[in-house]
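Read off the chains here:
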Amino acid sequence: MEDTTVNWFEEGILNCNSNKPDYEKALICFKRVISSRKMAESEYEIWNLMSSIYHELGKDKLAMQCITNALELAPENSKLWIQKAQLLEDNDSEEAKNCFKKALELSEVLKI
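Residues numbered from 1 in each chain as written. Predicted model: local features only at pLDDT ≥ 70, side-chain atom pairs only at ≥ 80, totals over all residues. Heavy atoms only, no water.

## Quick notes on the confidence of the model for the protein chain
Here's step 1: Averaged over every residue, the pLDDT of the protein chain is 85; residues scoring 70 or more account for 89%.
Here's step 2: Ranking the elements of the protein chain by mean pLDDT puts helix α1 (residues 3-17) last with 81 and helix α4 (residues 60-73) first with 94. (pLDDT = per-residue confidence, 0-100. Helix = DSSP H or I, 4+ residues; strand = E, 2+ residues; numbered from the N terminus.)

## Structural notes on helix α2 (residues 23-36)
Here's step 1: If you check α2, its first and last C-alpha atoms are 20 Å apart, about what 14 residues at 1.5 Å a residue would give, namely 20 Å.
Here's step 2: Listed in full, the buried residues belonging to α2 are A26, L27, C29, F30, V33 and I34. The buried residues of α2 occupy an angular sector of 165° when projected down its axis, which confines them to one face. (Expected span 1.5 Å × (residues − 1). Buried < 20%, exposed > 50% of the residue type's maximum accessible area, 1.4 Å probe, protein only. Arc of directions from axis to C-beta.)

## Side note on the side chain of Q83
Here's step 1: In this fold, Q83 is placed in helix α5 (residues 78-88).
Here's step 2: Accessibility expressed as a relative area gives 14% for Q83, which makes it buried.
Here's step 3: When residues no more than four places from it in sequence are discounted, the contact partners of Q83 are N48, S51, S52 and I67. (Contact = heavy atoms within 4.5 Å.)

## Quick look at the packing of aromatic side chains
Here's step 1: Scanning the entire structure with this criterion turns up one aromatic pair.
Here's step 2: When the centroid spacing of 6.0 Å and the interplanar angle of 55° are considered together, the rings of F9 and F30 count as tilted. One end of the pair, F9, is in helix α1; the other, F30, is in helix α2, and 21 residues separate them in sequence.
Here's step 3: Looking at F30, the relative accessible area reads 0%, which means it is buried. (Phe/Tyr/Trp six-rings, centres within 6.5 Å; stacked < 30°, edge-to-face > 60°.)

## Notes on the packing of α4 against α5
Here's step 1: Direction vectors running N to C along α4 and α5 enclose 160°, while the axes themselves pass 10 Å from each other. When the axis of α4 is compared with that of α5, the two are roughly antiparallel. The chirality of how α4 crosses α5 is left-handed. Contact with α4, carried on its side by D60, A63, M64, I67, A70 and L71, involves L80, W81, Q83, K84, L87 and L88 of α5 and no other residues of that element.
Here's step 2: For the contact of α4 with α5, the per-class residue count stands at nine nonpolar, one polar and two charged. (Axes fitted to C-alpha atoms, helices over the stretch in contact; angles between N-to-C directions. Parallel < 35°, antiparallel > 145°, perpendicular 65-115°, else oblique. Left-handed = near helix turned anticlockwise from the far one by under 90°. Nonpolar A, V, L, I, M, F, W, Y, C, P; charged D, E, K, R; others polar.)

## Concerning the packing of helix α3 (residues 43-56) against α4
Here's step 1: Between α3 and α4, the shortest axis-to-axis distance is 8 Å and the interhelical angle comes to 165°. In this view, α3 runs roughly antiparallel relative to α4, as classed from their interaxial angle. Between α3 and α4 lies a crossing whose hand is left-handed. Where α3 abuts α4, its residues E43, Y44, W47, N48, M50, S51, Y54 and H55 lie against D60, L62, A63, C66, I67, N69, A70 and L73.
Here's step 2: Of the residues that constitute the contact of α3 with α4, the class distribution is 10 nonpolar, four polar and two charged.

## Describing the nonpolar core
One recurring pattern in soluble globular proteins is that nonpolar side chains are buried together.
Here's step 1: Counting 27 residues, the largest nonpolar core has F30 and M50 as its most contacted members.
Here's step 2: For this core, the secondary-structure elements that each account for two or more residues are α2, α3, α4, α5 and α6 (93-110).
Here's step 3: When residues in this core are grouped by element, the largest group, six residues, is from α4.
Here's step 4: Excluding residues within four positions of it along the chain, M50 makes contact with L27, F30, K31, I34 and C66. (Core = buried A, V, L, I, M, F, W, Y, C linked by side-chain atoms within 4.5 Å.)

Below, the structure is given as structure tokens:
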């Protein structure tokens, strides 16, 4: 992993967690990390962070695209299913229930 990739990731995290979060800058940083393909083992986490940011910005369609990408990379991650369910709660309660059920199944299998 190149230092620049780590720096972009860290800068993205800092932009999210500051007293005055700059979500737009964080998204730019995370997109650069993903495009570099240097952190492939944790790419689903970056998609998850981007999903949270887009949701915070009221861009739920983009948030859903990001969480879908995360789930493609880590379909056994119950936390991702919960986040997807939360994104769906207001617009598709039946699908949200299905996602919560999937998260519960995974957590029971994994003894979380």
